[in-house]
Amino acid sequence: MQLKDKKVLITGGSRGIGKCMIDELVKHGVRDIAVIGRDKENLKELRRTFETVNFLLVRGDVGDLSVLRDMASKIQDEWGQLDILINNAGVVSAGPLDEISDEDLYDQIAVNFTAVLVLTKYCIPLLKISEEAAIMNVSSGLGLIGMPFYGVYGSTKAGIRQFSDSIRRELKPFNISVTCVYPTATDTDMMKTSQAKEMDTPEFVAERSIQGLINKKLHVIFGGQQRLNDSKLNFESPEKFDEKIASSYDERRDASLSHKAM
Ligand SMILES: NC(=O)c1ccc[n+]([C@@H]2O[C@H](COP(=O)([O-])OP(=O)(O)OC[C@H]3O[C@@H](n4cnc5c(N)ncnc54)[C@H](OP(=O)(O)O)[C@@H]3O)[C@@H](O)[C@H]2O)c1
């Protein structure tokens, strides 16, 4: 897929991996980018950072359906079509399930999962008008393997994987490709309260993800051979993977307690 002059909508493009994705898109000749984010200053900053881009900015929470509806109708009015949808915005609140607040449980599902399905739904008619369209969904390594203390977050991200497979098959007749990316720990605001030591840079994750989009890859999995080996072990011998995790139970529990970026 050629990115030049494509019209792109990205959620959570104001910081972290999403902002680095915008940088990559610009390098490939994209000039029209719509962004949803909550923080007004970060959105304004985008115009200063990427002077060549015509931004369509909607400030709001993707968990609020009226914000998603508003963005889709703005794109309809301004562009009349959409070429690329990137569902990137995400939040995390880790810890033992019985200690997570009901609000954090609901909000993780609303932002990481429900919003992706609803925004995609609203964008499909706009993507169908494009001659060559694509959707990129940002899942997580935790969407491939269920880890303790990330039951809510991981379930939303596993849902994104399943949704990506479904919608890719559903949209097959319409020339809309679907790529799902699975970052491992990446050095962004989201990880400030985690105790992860080795992390990918958001620039690296963005660069590989956008390459995956260009090449219409179905899955872009980070974490190297280790992640692939773990996935295989988890699928083929889950009891063996349980044992592996049990040996670091306390460490994982303690590290999860402070990990929150909502
Ligand atoms: N960092 C990692 O280690 C890692 C690993 C695996 C997967 N991921 C996934 O990668 C994606 C990007 O994460 P990141 O690390 O770049 O996170 P980040 O640095 O915390 O940035 C999150 C972005 O999403 C926006 N956002 C968050 N909640 C929102 C909401 N309710 N409504 C609208 N916008 C919202 C934020 O803007 P505002 O705060 O202004 O709204 C920001 O632009 C997420 O889906 C995350 O789950 C990250």
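What you see is a predicted model, and the numbers here were worked out from it, not measured in a lab. (Residues numbered from 1 in each chain as written. Predicted model: local features only at pLDDT ≥ 70, side-chain atom pairs only at ≥ 80, totals over all residues. Heavy atoms only, no water.)

(A) Here's a closer look at the overall build of the protein chain. Of regular secondary structure, the protein chain possesses nine helices and nine strands. In summary, the protein chain has a C-alpha radius of gyration of 18 Å against a globular reference of 18 Å for 262 residues, a match within 12%. Dimensions of the protein chain, computed from C-alpha atoms along their principal axes, come out at roughly 55 × 35 × 30 Å. Relative to its 262 residues, the protein chain shows a buried fraction of 49%. The contacts of the protein chain with a sequence gap of at least 6 include a subset with a gap of at least 24, amounting to 69%. Charge-centre separation for the protein chain: the mean point of 34 positive side chains lies 5 Å from the mean point of 38 negative side chains. (Helix = DSSP H or I, 4+ residues; strand = E, 2+ residues; numbered from the N terminus. Rg over C-alpha atoms; globule rule 2.2 N^0.38 Å. Buried < 20%, exposed > 50% of the residue type's maximum accessible area, 1.4 Å probe, protein only. Contact = heavy atoms within 4.5 Å. Lys, Arg positive; Asp, Glu negative; His and termini not counted. Charge placed at Lys NZ, Arg CZ, Asp CG, Glu CD.)

(B) Summary view of the packing of helix 4 (residues 102–129) against helix 5 (residues 151–170). Between helix 4 and helix 5, the least distance of the axes is 8 Å, while the angle of their chain directions is 15 degrees. Classed by the angle they form, the pair helix 4 and helix 5 counts as roughly parallel. With respect to the hand of their crossing, helix 4 and helix 5 are arranged in right-handed fashion. Across the interface between the two elements, Leu105, Gln108, Ile109, Asn112, Phe113, Val116, Leu117, Thr120 and Ile124 of helix 4 pack against Val152, Tyr153, Thr156, Lys157, Gly159, Ile160, Phe163 and Ile167 of helix 5. By residue class, the composition of the contact of helix 4 with helix 5 is 11 nonpolar, five polar and one charged. (Axes fitted to C-alpha atoms, helices over the stretch in contact; angles between N-to-C directions. Parallel < 35°, antiparallel > 145°, perpendicular 65-115°, else oblique. Left-handed = near helix turned anticlockwise from the far one by under 90°. Nonpolar A, V, L, I, M, F, W, Y, C, P; charged D, E, K, R; others polar.)

(C) Here's a closer look at the pattern of salt bridges. All told, the structure shown has 16 salt bridges when counted by the stated rule. Of the charged contacts, one joins Lys4 and Asp5 as a salt bridge, the two residues approaching to 3.4 Å between their closest N and O atoms. Assessed through its relative accessible area of 52%, Lys4 is described here as exposed. Overall, Asp5 belongs to the partly exposed group, its relative accessible area being 34%. Note that Lys7 is salt-bridged to Asp32, the shortest N-O span being 3.1 Å. Placement of the pair is Lys7 in strand 1 (residues 7–11) and Asp32 in strand 2 (residues 32–37), with a sequence separation of 25 residues. One continuous salt-bridge network, built from bridges that share partners, spans Lys4, Asp5 and Arg31. (Salt bridge = Lys/Arg side-chain N within 4 Å of Asp/Glu carboxyl O.)

(D) Representation of the packing of helix 3 (residues 65–78) against helix 4 within the structure. Contact pair helix 3 / helix 4: the axes reach a minimum separation of 10 Å and the direction vectors enclose 20 degrees. Judged by the inter-axis angle, helix 3 sits roughly parallel to helix 4. Remark: the crossing between helix 3 and helix 4 carries right-handed chirality. For the pair helix 3 and helix 4, the contacting residues are Leu65, Leu68, Arg69, Ala72, Ile75 and Gln76 in the first and Ala115, Val118, Leu119, Tyr122 and Leu126 in the second. For the contact of helix 3 with helix 4, the per-class residue count stands at nine nonpolar, one polar and one charged.

(E) Spotlight on the sheet that holds strand 3 (residues 54–59). Spatial ordering of the open sheet is given by 3-2-1-4-6-7-8, a layout of seven strands whose pairing is parallel. Of all strands in the sheet, those bounded by a partner on one side alone are strand 3 and strand 8 (219–221). On average, each strand axis in the sheet is inclined to that of its neighbour by 15 degrees, with strand direction left out of account. Here four bridges tie strand 4 (residues 84–87) to strand 6 (residues 133–138), and the two strands are oriented parallel to one another. Pairing of Ile86 across the sheet is with Met136, part of strand 6. Contacts from helix 5 reach strand 6, strand 7 (176–182) and strand 8 within the one sheet, and its direction differs from that of strand 7 by about 160 degrees. (Pairing = 2+ DSSP bridges.)

(F) Here's a closer look at the environment of Lys157. Note that Lys157 resides in helix 5. Relative accessible area serves as the criterion here: at 3%, Lys157 is assigned to the buried category. For Lys157 and Ile145, which are 12 residues apart along the polypeptide, the C-alpha to C-alpha distance reads 9.9 Å.

(G) Highlighting the site of the ligand. Surrounding the ligand, one finds 29 residues, the nearest of these being Arg15, Arg38, Asn88, Tyr153 and Thr188. Between Ser14 and the ligand, the recorded distance is 2.8 Å, taken from a side-chain N or O atom to an oxygen atom. At a separation of 2.7 Å, an oxygen atom of the ligand approaches a polar side-chain atom of Arg38. Among the elements of the structure, helix 1 (16–27) and helix 5 are those that each provide at least two residues to the shell around the ligand. In terms of residue class, the shell around the ligand is made up of 11 nonpolar, 12 polar and six charged. (Near = heavy atom within 4 Å. Polar contact = N/O pair within 3.5 Å; in protein donor to acceptor, adjacent residues only side chain to side chain.)

(H) Structural view of the state of the cysteines. For the structure on display, the rule yields zero disulfides. For the unlinked cysteine Cys180, the closest cysteine sulfur is that of Cys123, found at 17 Å. (Disulfide = S-S within 2.5 Å.)

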